[in-house]
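# Topology and contacts: notes
Here is what each chain is made of, one letter per residue.
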Amino acid sequence: MANQEGLGFVTRGLTKSYGEGRSKVHALRGIDLSIPEGEIVVMLGASGSGKSTLLNILGGLDRPTSGTVHFRDIELGALSDRELTKFRRDHVGFVFQFYNLMPSLTALENVELVTEIADNPMPPEKALDLVGLTKRLDHFPSQLSGGEQQRVAIARAIAKQPDVLFCDEPTGALDSTTGRSVLEVLNHVNAELGSTVLMVTHAANIAGMAHRVIRLVDGQIGEVQVNDVRQTPAEIDW
Ligand SMILES: Nc1ncnc2c1ncn2[C@@H]1O[C@H](COP(=O)(O)OP(=O)(O)OP(=O)(O)O)[C@@H](O)[C@H]1O
């Protein structure tokens, strides 16, 4: 069954277990969630509560043990591995805590790695412009600050114009000023491209900039909060 108009992800009864027998871990224990398109969604929760597991399943990097995930009219569980790879290529971008850039390539070349194989990419220069790095195109990662490297990683993720941008602790390795500039970029990408931004973080203060905040407790949804008034990254207390 396709999702209602305007809904990006819908999950029903999602569970994920790792291992067997006495060492079995129930990472997700029945997640029912609806995520509208175009929102910034922040996922909070204690260490081990299942945030990364949920993000990886929504992003098609991993499969649930039971339950369903729809993205629009696509049921991810019905896709073969090959189709799941295509789903990731066509619809999602990923940004991780440690930027995973190719050290031997410049900022521009790191972004080109993606634009060369994407169906409908923006020019790599535009992606780097959107993250404020027009003057750093020819720099190698070792010549860039942590925040700048993360912005290259974001440029790489958005260059293929994904419907959803998944970010796992995108500011985890950054000081507050640099972290804030990365959040500004994510805000900008959400506003300019309309991409849904799904962000996992330990930093509860970041929740202020989200449209929607999902709190995970021990593999279950503890609370979903919708923010009528959102903070700008500049207003967030660190
Ligand atoms: N590949 C795996 N094999 C076994 N257990 C795993 C695996 N991945 C995650 N887990 C377990 O599943 C639970 C949820 O992990 P997950 O990484 O999703 O939590 P998290 O909320 O993202 O934690 P953190 O904030 O520390 O990154 C944890 O108990 C973790 O130890």
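Residues numbered from 1 in each chain as written. Predicted model: local features only at pLDDT ≥ 70, side-chain atom pairs only at ≥ 80, totals over all residues.

## Observations concerning unusual backbone geometry
In plain terms, the rule: Per the convention used, a helix needs a DSSP run of H or I reaching at least four residues, while a strand needs a run of E reaching at least two, with both numbered from the N terminus. Buried residues are those with 20 or more other C-beta atoms within 10 Å of their own C-beta, exposed residues have 12 or fewer, and partly exposed residues lie in between; C-beta atoms are placed from the backbone.
Even without glycine at this site, Gln161 takes up a positive phi of about 55 degrees. By the secondary structure assignment, Gln161 is in the loop between helix 5 (146-158) and strand 7 (164-168). Overall, the presence of 17 C-beta atoms within 10 Å leaves Gln161 in the partly exposed class. At Asp218, a position not held by glycine, the phi torsion is positive, near 50 degrees. In this structure, Asp218 sits in the loop between strand 9 (212-217) and strand 10 (220-226).

## Focus on the sheet that holds strand 4 (residues 66-71)
To keep it simple, the criterion reads: A pair of strands counts as paired when DSSP detects no fewer than two bridges linking them.
Read from one edge of the open sheet, four strands run 2-1-4-5, paired in antiparallel fashion. Edge positions in the sheet fall to strand 2 (25-36) and strand 5 (74-75), since each of these pairs with one other strand and no more. Across nine bridges, the pairing between strand 1 (residues 7-18) and strand 2 is antiparallel. Each bridged residue has a counterpart across the sheet, and for Leu7 the counterpart in strand 2 is Pro36.

## Considering helix 3 (residues 107-115)
Inclusion rule: The arc under discussion is defined with respect to the helix axis, by the directions toward the C-beta atoms.
Every buried residue belonging to helix 3 is among Ala107, Asn110, Val111 and Thr115, and all of these are buried. The buried residues of helix 3 all sit within an arc of 140 degrees when viewed along its axis, so they share a single face.

## A few points about the sheet that holds strand 3 (residues 40-45)
Here is the rule we go by: Here the axes come from fitting lines to C-alpha atoms, over the contacting stretch only for helices, and the angles between their N-to-C directions go from 0 to 180 degrees. Contact between residues is assigned whenever the C-beta positions, reconstructed from backbone atoms, fall within 7 Å.
Sheet architecture is open: six strands sit in the order 6-7-8-3-9-10, paired in mixed fashion. Since the sheet does not close on itself, it has two edges, and those belong to strand 6 (92-95) and strand 10, each with one partner. For this sheet, the mean inter-axis angle between neighbouring strands, taken without regard to orientation, is 20 degrees. Each of strand 6 and strand 7 is contacted by helix 5, which is oriented at about 170 degrees to strand 6, the strand it contacts most. The strands touched by helix 6 (residues 176-193) are strand 3, strand 7 and strand 8 (196-200); relative to strand 8, the strand with the most contacts, the crossing angle is about 150 degrees.

As far as function goes, none of this settles anything; it's purely spatial.
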